[in-house]
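Each chain, letter by letter, is given below.
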Amino acid sequence: MRNESLTPAPVSDALLGFTPPTSPATSRHADRTLVDKYGRHVTYIRLSITDRCDFRCNYCMAEEMTFLPRAQVLTLEECLRVARTFVDLGVTKVRVTGGEPLVRQNVVWLLEQIAGLPGLKELVITTNGSQLDRFAPALRAAGVKRINVSLDTLRADRFRAITRVGDLSKVLRGLDAARAAGFQRVKLNTVMMRGSNDDELVDLVQFAVDRDIDISFIEEMPLGEIGHGRQSTYLGSEEALASLEQRFVLLPSTESSGGPARYWRIPGTATRVGFISPHSHNFCESCNRVRITARGDLYPCLGNNDAVPLLPLLRAHPTDDAPLRAAIVHGMGIKAKGHDFSRQMDAPQVVRFMSMTGG
Ligand code: SAM
Ligand code: SF4
């Protein structure tokens, strides 16, 4: 089956002819804060710097993908300009993601530049780990504070089946390299899938405990047409938690990373076990983030198709940031109150792939 990662998101008619408003309605950017119409402060962006990836994880992508033509992808300078403008508007945390961010040429230059933006507190990255063994020291030197690594299984054959092409040993070497480079709290991200890795949740937690690192389990989300139904593989957090409790003592924690994860501690260990549960525990009320795709579309909500295209503005106004700022402020005004991923998982509720939006 052939599938297109560049399927245009159905941007609402009003936005297609978007003209930046002259006065912000829902944000006080003079105060350097972005606030949406429900009073949520947006302080965190997830910036996808490429839709390309060296893996083809079966919950994320179709087997055959057509990636965006390069001209439709933000250049690194444009990525930096977007990040700089958001930071100027009060954003304090940037996560660089993808696709696979470490396959983008000169990614380290971009990371160094973002890390140096005045006002930014935290630059973090999400990666599949395939390139981490060679990149870890450079990421650290560039100013990346934390790394999330996706790891769904500890079995090489299964890893190959899930990623379709990946080599588990390279990712494990990457995790070692991150530690050797001085990254303290690497976090694993595991998408839970019934009939695929549901029998490995305990092993994955033990793996994290043995390395003093964190792990978050993610409920699969209905993003993009991936070529197989998701209904049968969906595994909810409560069931996963119950199975972990048979092996570990898990104490609920009030700690928060400011994100959607709820955390549990395992006494006597350094490990936090998180659950990201868009289906069973909607986290929209406290949402503090927006996403920018590799093609420069600002998505105020992961679970919603409304977007503000920033790329035309960037290119039409190469030296004037005012239209870009106004478009970002406008984006706050259309941030949905919440997503509604129903359990009807087989039809994608959001037409774009996660690799497009950036996880
Ligand atoms: N390539 C990098 C990686 O895999 O970590 C960064 C991009 S990836 C899209 C970001 C995160 O999204 C990964 O942790 C991945 O497991 C998760 N993800 C992808 N598709 C998903 C889906 N349909 N539901 C839930 N999580 C998904
Ligand atoms: Fe690539 Fe990450 Fe998607 Fe896997 S989850 S296909 S590694 S973008």
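Please read these numbers as outputs of a predicted model, since none were measured by experiment.

**Student:** Even after reading the chapter, I still don't get the packing of aromatic side chains, so can you show me in this structure?
**Tutor:** The geometry of an aromatic ring pair is captured by two quantities: the separation of the ring centres and the angle between the planes. Inspection of every chain in the model, using the stated rule, returns 3 aromatic pairs. For the pair W264 and F275, a centre-to-centre distance of 5.6 Å together with 85° between the ring planes defines the contact as edge-to-face. Of this pair, W264 sits in strand 10 (residues 262–265) while F275 sits in strand 11 (residues 272–276), placing them 11 residues apart in sequence. Here the aromatic cluster, defined as three or more aromatic residues joined through ring pairs, consists of F217, W264 and F275. Cation over ring: R247 sits above F248, and NZ or CZ is 5.3 Å from the ring centre. Against the face of Y263 rests R272, its NZ or CZ located 4.2 Å from the ring centre.

**Student:** Before we go on, may I ask you to explain the environment of L250 in this structure?
**Tutor:** Structurally, L250 can be placed in the loop between helix 8 (237–245) and strand 9 (251–253). Residues L250 and Y263, spaced 13 residues apart in sequence, show a C-alpha to C-alpha distance of 9.3 Å. Every residue in contact with L250, bar those within four places of it in the chain, is listed here: L241, L244, E245, W264, R265, I266 and V273.

**Student:** Explain the environment of E285 here, please?
**Tutor:** Within the fold, E285 resides in the loop between strand 11 and strand 12 (289–292). Along the chain, E285 and G39 lie 246 residues apart, while their C-alpha atoms are 9.8 Å from each other.

**Student:** What's the story with unusual backbone geometry in this structure? I'm lost.
**Tutor:** Phi is mostly negative for residues that are not glycine, and the peptide bonds are mostly trans. In this model, R164 sits at a positive phi of 70°, which is unusual for a non-glycine residue. Structurally, the position occupied by R164 is in the loop between helix 5 (156–163) and helix 6 (168–180). By relative accessible area, R164 is classed as partly exposed at 24%. Located in the positive-phi region is D212, a residue other than glycine, with phi close to 55°.

**Student:** Which parts of the structure should I look at to understand the site of ligand 1?
**Tutor:** For ligand 1, the set of nearby residues contains 19 residues, the closest of which are Y59, G99, T127, S150 and M221. For ligand 1, an oxygen atom lies 3.1 Å from a polar atom in the side chain of Y59. Between E100 and ligand 1, the recorded distance is 3.2 Å, taken from a side-chain N or O atom to a nitrogen atom. Computed on the free molecule, ligand 1 has an accessible area of 540 Å², of which 95% lies beneath the protein chains in the complex. Contributing elements (two or more residues each) for the shell around ligand 1: strand 5 (122–127), strand 7 (187–192) and strand 8 (214–219). Across the shell around ligand 1, the residue classes tally to 6 nonpolar, 9 polar and 4 charged.

**Student:** Sorry if this is basic, but what is going on with the sheet that holds strand 8 here?
**Tutor:** Strand pairing in a sheet takes place through backbone hydrogen bonds and is either antiparallel or parallel in direction. Taking strand neighbours across the sheet as the criterion, the 12 strands line up as 9-10-11-8-7-6-5-4-2-12-13-14 in an open arrangement whose pairing is mixed. The sheet terminates laterally at strand 9 and strand 14 (308–309), the two strands that pair on one side only. As paired elements, strand 13 (residues 297–299) and strand 14 share 2 bridges and run antiparallel to each other. Paired with D297 across the bridge in strand 14 is P309.

**Student:** Explain the pairing of strand 7 to me, please; I cannot follow it from the model alone.
**Tutor:** Within a regular beta strand, the side chains point alternately toward one face of the sheet and then the other, so they alternate between its two faces. Of all 6 residues in strand 7, 6 are buried, a share of seventy percent or more. In this structure, strand 6 (residues 146–150) lies alongside strand 7, joined through 3 bridges in parallel fashion. Directly across from S150, in strand 7, lies its bridge partner N189. One ladder, built from 6 bridges, connects strand 7 with strand 8; its direction is parallel.

**Student:** I'm lost on the confidence of the model for the protein in this one. Help?
**Tutor:** Any segment with low pLDDT has predicted coordinates that should not be analysed in fine detail. Per-residue confidence for the protein gives a mean pLDDT of 87, with 82% of residues at or over 70. Taken together, the stretch residues 1–30 has pLDDT below 50 and engages in 70 contacts with residues farther than four places along the chain or on a different chain.

**Student:** Looking at this structure, how should I read the pattern of salt bridges?
**Tutor:** Close approach of charged atoms allows side chains with opposite charge to pair. The tally for this structure, following the rule as stated, stands at 14 salt bridges. Where E122 meets R146, a salt bridge forms, and the shortest distance between an N and an O atom there is 2.7 Å. Here the residue E122 occupies a position in strand 5, and R146 occupies one in strand 6, the gap between them amounting to 24 residues. Judged by its relative accessible area of 23%, R146 falls in the partly exposed class. Beyond isolated ion pairs, a larger network of salt bridges with shared partners links R155, R158, D199 and E200.

Calculation notes
Residues numbered from 1 in each chain as written. Chains lettered and ligands numbered in written order. Predicted model: local features only at pLDDT ≥ 70, side-chain atom pairs only at ≥ 80, totals over all residues. Heavy atoms only, no water. Phe/Tyr/Trp six-rings, centres within 6.5 Å; stacked < 30°, edge-to-face > 60°. Helix = DSSP H or I, 4+ residues; strand = E, 2+ residues; numbered from the N terminus. Lys NZ or Arg CZ within 6 Å of the ring centre and 35° of its normal. Contact = heavy atoms within 4.5 Å. Buried < 20%, exposed > 50% of the residue type's maximum accessible area, 1.4 Å probe, protein only. Near = heavy atom within 4 Å. Polar contact = N/O pair within 3.5 Å; in protein donor to acceptor, adjacent residues only side chain to side chain. Areas by Shrake-Rupley, 256 points an atom, 1.4 Å probe, with all protein chains shown as cover. Nonpolar A, V, L, I, M, F, W, Y, C, P; charged D, E, K, R; others polar. Pairing = 2+ DSSP bridges. pLDDT = per-residue confidence, 0-100. Salt bridge = Lys/Arg side-chain N within 4 Å of Asp/Glu carboxyl O.

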